[in-house]
Amino acid sequence: MTEDMYSVEQVADRLNLHVRTVRGYIRSGRLRAVRIGKQYRIAASDLDALTGQIPTAPSVGRQAEVSSIVQIDGVDRAAADRLGTLVLTSANTGHDQANPLRVQTVYDEQRHRMKIIILGDPAATAELLHLLDAVLNADNGLLDREVHDA
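This is a predicted model, so every value here is computed, not measured.

1. Section: the overall build of the protein chain
Along its length, the protein chain carries 5 helices and 6 strands. Counting all 150 residues of the protein chain, 30% fall into the buried class. The contacts in the protein chain between residues at least 6 apart in sequence include a share of 61% that link residues at least 24 apart. If you sum the accessible surface of the protein chain, you get close to 10,300 Å²; carbon and sulfur atoms cover 48% of it.

2. Concerning the packing of aromatic side chains
The tally for this structure, following the rule as stated, stands at 0 aromatic pairs. Here the basic side chain of Arg-30 rests over the ring of Tyr-25, its NZ or CZ set 4.3 Å away from the ring centre. When the ring centre of Tyr-40 is taken as reference, the NZ or CZ atom of Arg-35 above it lies at 5.2 Å.

3. A short note on the sheet that holds strand S3 (residues 39–43)
What the 3 strands build is an open sheet, ordered S1-S3-S2; its pairing is antiparallel. The two strands at the open ends of the sheet, each matched to only one other strand, are strand S1 (5–7) and strand S2 (34–36). For this sheet the average axis-to-axis angle between neighbouring strands, irrespective of direction, equals 40°. Bridge analysis of S2 against S3 gives 3 bridges, and the strand direction is antiparallel. Residue Val-34 lies in a different strand from S3, and its bridge partner there is Arg-41.

4. So, the pairing of strand S5 (residues 102–108)
In this structure, S5 lies alongside strand S6 (residues 113–120), joined through 7 bridges in antiparallel fashion. Bridging across to S6, Val-103 finds its partner in Ile-118. Taking the residues that link successive antiparallel strands as the turn, the S5-S6 hairpin has 4 residues, and the phi of His-112 there is positive, at about 55°.

5. Structural notes on the sheet that holds strand S4 (residues 66–73)
In any sheet, the strands associate via hydrogen bonds between backbone groups, in a parallel or an antiparallel arrangement. As summarised here, the arrangement of the 3 strands in space is S4-S6-S5, forming an open sheet in which the pairing is antiparallel. Either end of the sheet is taken by a strand with one partner, and the two such strands are S4 and S5. Each adjacent strand pair in this sheet contributes to an overall mean axis angle of 15°, direction not counted. Relative to the sheet, helix H4 (residues 77–92) contacts S4, S5 and S6, its axis offset from that of S5 by approximately 175°. Lying on the sheet, helix H5 (residues 122–137) is in contact with S4, S5 and S6; it crosses S4 at an angle near 10°.

6. Re H5
Between its terminal C-alpha atoms H5 stretches 22 Å, which fits the 22 Å expected from 16 residues at 1.5 Å a residue. Where H5 is concerned, the buried positions are Ala-124, Thr-125, Leu-128, Leu-132 and Val-135. In an axial view of H5, the angular spread of the buried residues amounts to 100°, which keeps them on one side of the axis. Exposed residues lying more than 90 degrees from the buried face of H5 are Ala-123, His-130 and Asn-137. Contacts from the buried residues of H5 go to S4, H4, S5 and S6. With a side-chain oxygen positioned 3.1 Å from the backbone nitrogen of Ala-123, the residue opening H5 is Asp-121.

7. Focus on the nonpolar core
Of all hydrophobic cores here, the largest spans 18 residues; its most connected members are Val-75, Leu-83, Val-103, Met-114, Ile-116 and Leu-128. At the level of elements, S4, H4, S5, S6 and H5 are the ones that each hand at least two residues to this core. Sorting elements by how many residues they give to this core places H4 first, with 5 residues. By size, the runner-up hydrophobic cluster in this structure holds 12 residues, among which are Val-11, Ala-12, Ile-42 and Ala-44.

Criteria and cut-off values
Residues numbered from 1 in each chain as written. Predicted model: local features only at pLDDT ≥ 70, side-chain atom pairs only at ≥ 80, totals over all residues. Heavy atoms only, no water. Helix = DSSP H or I, 4+ residues; strand = E, 2+ residues; numbered from the N terminus. Buried < 20%, exposed > 50% of the residue type's maximum accessible area, 1.4 Å probe, protein only. Contact = heavy atoms within 4.5 Å. Areas by Shrake-Rupley, 256 points an atom, 1.4 Å probe, with all protein chains shown as cover. Phe/Tyr/Trp six-rings, centres within 6.5 Å; stacked < 30°, edge-to-face > 60°. Lys NZ or Arg CZ within 6 Å of the ring centre and 35° of its normal. Pairing = 2+ DSSP bridges. Axes fitted to C-alpha atoms, helices over the stretch in contact; angles between N-to-C directions. Expected span 1.5 Å × (residues − 1). Arc of directions from axis to C-beta. Polar contact = N/O pair within 3.5 Å; in protein donor to acceptor, adjacent residues only side chain to side chain. Core = buried A, V, L, I, M, F, W, Y, C linked by side-chain atoms within 4.5 Å.

Quick look at the structure:
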């Protein structure tokens, strides 16, 4: 049995949203989609998950999801940008594309604080957290500059 798949335009019509809003949801990880060529396709179950609907078909197997928030103090904007790029790149490569990690970064300029929010499979999340730990504890120059309050 195959699951219904929708285009970005069809999802936008069903939710009364602009197409750019739906694409933004996909890019941010809020809406899961599969890229086929140059177009995205959204599974009915993923659309149901976005809207809070109960899936129509029983799910096969058990899935677990982990939510993690990592707070890093004492980083400047440039270091936060480099670290964010590293984390997002790692999250988007080498993992199960059916269950991608969703990552969001937030930088607080006044407090020189970065937060990284990670949602996803426990094993992939653990792998990303291990990478983050290695980078933060290594003397590799990624976070070299110290932050001084003015």
